[in-house]
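Coordinates in review
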Amino acid sequence: MNAIHIASSAPAFAKGKTELRTEDFDLYCMALSALCWRKFNGNITLCCDNRSAEYYKNLGITDIWNDIKVCVADDLEGIDPLMFWAGGKLLALREVEAPVVMTDTDFIVWKTLRFGDEIIAAHREDISDGIYPPLGSFNVGDHILPDFSEEVLPLNTAFLYVPDNDFKEFYTGQAISFMKSAVKCGDYLKYMVFAEQRLAAMCADYTGTPVRTLLDKDNLFYPQSDFTHLWGAKQAMRDHPELRSDFLRKCRNRLLAEFPEYAYIAEIIDGSNGE
């Protein structure tokens, strides 16, 4: 099964950064995510913008992917990169052929998966006004959403398998239209997770496309052997050097044991200074 990683530089530059820099734990997770996908499930392509492509080429780690596809605009086609920091994911997904898996660079699949006609997401999420408010809460000008159900639980799209082009085009079309119509405000989290995660569930429900998940939302913090999602652990590693050091050691050992031919990738990451 074909998969994609996505890299968009627009949010970093919108925050005032003058150059790209990926932290060492993110690089290790990205490398293991790509290499494990190739080992167990198929090809994986990095879909990115020009600046990201140049950065990873100069870093010297592009061999972890089967291919690099520059298909995300550096300016996110005018979508606010602060408000929609993951907007590049939807733009990239629009440009690839389904069936396809869109997986975050910090999500690792350690086994072979089964694919069919159903959408596969990482897990469901609960609805709460603090994160997933009612549809009427969003200021999107004259943009009108279809008659979506507000009862369906959002899908965490750290991993998302899209089985066909019809659903892909409907979902990305709805998400991109929403992002382009949104009036700038401070509720970045609510708007982004709606565009990416709640719309995925709503579109699936609206089109009658079946959904299954890799993980049970009520057991996310139990030990998982088949999947790794770094997500919240990133800040903990920034705050606690000992956690970071331990994680890097485990990743390095796993990469060297599973993929010895990519030992040079570990050397590159170890020499990146963790910035």
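Our subject is the structure listed above.
The structure reproduced in this document is the subject of the present report. Here the structure is a predicted model, which is why all the values come from computation and not from measurement. (Residues numbered from 1 in each chain as written. Predicted model: local features only at pLDDT ≥ 70, side-chain atom pairs only at ≥ 80, totals over all residues. Heavy atoms only, no water.)

Structural notes on the overall build of the protein
This is how it is decided: What counts as a helix is a DSSP run of H or I of at least four residues, what counts as a strand is a run of E of at least two, and both are numbered from the N terminus. Radius of gyration: C-alpha atoms only; globule rule: 2.2 Å multiplied by the number of residues to the exponent 0.38. Residue burial is assigned from relative accessible area. The probe radius is 1.4 Å, only protein chains are included, and a residue is buried under 20% of its type maximum, exposed over 50%, and partly exposed in between. Note on definitions: a residue-residue contact is assigned when non-hydrogen atoms from the two residues lie within 4.5 Å. Charge counting treats Lys and Arg as positive and Asp and Glu as negative, with His and both chain ends excluded. By convention, charge coordinates are those of NZ in Lys, CZ in Arg, CG in Asp, or CD in Glu.
In terms of regular secondary structure, the protein is built from nine helices and nine strands. By the compact-globule yardstick of 19 Å for 275 residues, the protein fits well, its C-alpha radius of gyration being 18 Å. Within the span of the protein, comprising 275 residues, buried residues form 49% of the whole. Sequence separation of 24 or more characterises 82% of the internal contacts of the protein that already satisfy a separation of 6 or more. Looking at charge distribution, the protein has the averaged site of its 27 positive side-chain charges lying 4 Å from that of its 42 negative ones.

Here we look at the packing of aromatic side chains
By convention here, two paired aromatic rings are described through the distance between centres and the angle between planes. Rule in force here: Whether two aromatic rings pair depends on their centres lying within 6.5 Å, for rings of Phe, Tyr and Trp, where Trp uses its six-membered ring; planes under 30 degrees apart make the pair stacked, over 60 edge-to-face, and the rest tilted. Charge over a ring is defined by NZ of Lys or CZ of Arg lying within 6 Å of the ring centre and within 35 degrees of the ring normal.
Scanning all chains against the criterion turns up 19 aromatic pairs. For the ring pair phenylalanine 107 and phenylalanine 227, a centre distance of 6.0 Å and an interplane angle of 35 degrees mean the geometry is tilted. Separated by 120 residues along the polypeptide, phenylalanine 107 in strand β5 (residues 107–109) and phenylalanine 227 in strand β9 (residues 227–229) bring together distant segments of the chain. You can call phenylalanine 107 buried: its relative accessible area is 1%. Judged by relative accessible area, phenylalanine 227 falls into the buried class, the value being 8%. Ring centres of phenylalanine 148 and tyrosine 206 lie 5.4 Å apart, and the angle between their planes is 80 degrees; this geometry places the pair in the edge-to-face category. Of this pair, phenylalanine 148 sits in the loop between β6 (119–124) and β7 (155–162) while tyrosine 206 sits in helix α6 (residues 188–207), and the two are 58 residues apart along the sequence. With a relative accessible area of 44%, tyrosine 206 lands in the partly exposed category. Taken together, Trp37, Phe107, Phe115, Phe159, Tyr161 and Phe227 form an aromatic cluster joined through their ring pairs. Taking the ring centre of phenylalanine 259 as reference, the NZ or CZ of lysine 39 above it sits at 5.8 Å.

Digging into the pattern of salt bridges
Rules: Should a side-chain nitrogen of Lys or Arg be within 4 Å of a carboxyl oxygen of Asp or Glu, the pair is scored as a salt bridge.
All chains considered together, the criterion is met by 20 salt bridges. One salt bridge connects lysine 234 with aspartate 106, and the closest N-O pair in it is separated by 3.4 Å. One end of the pair, lysine 234, is in helix α7 (residues 233–239); the other, aspartate 106, is in the loop between β4 (100–103) and β5, and 128 residues separate them in sequence. In this structure lysine 234 comes out as buried when scored by relative accessible area, which is 17%.

Details of the environment of isoleucine 268
Tracing the sequence through the fold places isoleucine 268 in helix α9 (residues 263–270). The sequence separation of isoleucine 268 and leucine 59 amounts to 209 residues, and the corresponding C-alpha distance is 7.5 Å. Here isoleucine 268 is in contact with Leu59, Gly60 and Ile61, once residues within four sequence places are set aside.

Quick look at the packing of helix α2 (residues 24–40) against α9
Rules: To obtain an axis, a line is fitted to C-alpha atoms, over the contacting stretch when the element is a helix, and the angle between two such axes runs from 0 to 180 degrees between their N-to-C directions. For classification purposes, angles smaller than 35 degrees are called roughly parallel, those larger than 145 roughly antiparallel, those between 65 and 115 roughly perpendicular, and all remaining angles oblique. Crossing handedness is read from the near helix: turned anticlockwise from the far helix by less than a right angle, it gives a left-handed crossing, and turned clockwise, a right-handed one.
Running from N to C, α2 and α9 point in directions that differ by 165 degrees, and their axes come no closer than 9 Å. The angle between α2 and α9 places the two elements in the roughly antiparallel class. Relative to α9, the crossing made by α2 is right-handed. Each of Asp24, Leu27, Tyr28 and Ala31 in α2 lies in contact with α9, whose residues at this interface are Ile265, Ala266, Ile269 and Asp270.

Some thoughts on the pairing of strand β2 (residues 44–48)
What counts, and what does not: By this definition, two strands are paired if DSSP reports at least two bridges between them. Crossovers are marked right-handed if the path from the first strand over the helix to the second runs clockwise, as seen with the strands pointing away from the viewer.
Of all five residues making up β2, five are buried, and the element is well covered by its neighbours. Of the two faces of β2, the one holding Ile44, Leu46 and Cys48 and the one holding Thr45 and Cys47 are both buried throughout. With five bridges connecting them, strand β1 (residues 3–7) and β2 associate as parallel partners. Across the sheet, residue histidine 5 finds its bridge partner in β2, namely leucine 46. Here four bridges tie β2 to strand β3 (residues 67–70), and the two strands are oriented parallel to one another. Along β3, the bridge assignment pairs cysteine 48 with valine 70. As for the winding sense of the linkage, the β-α-β connection from β2 through helix α3 (residues 50–59) to β3 is right-handed.

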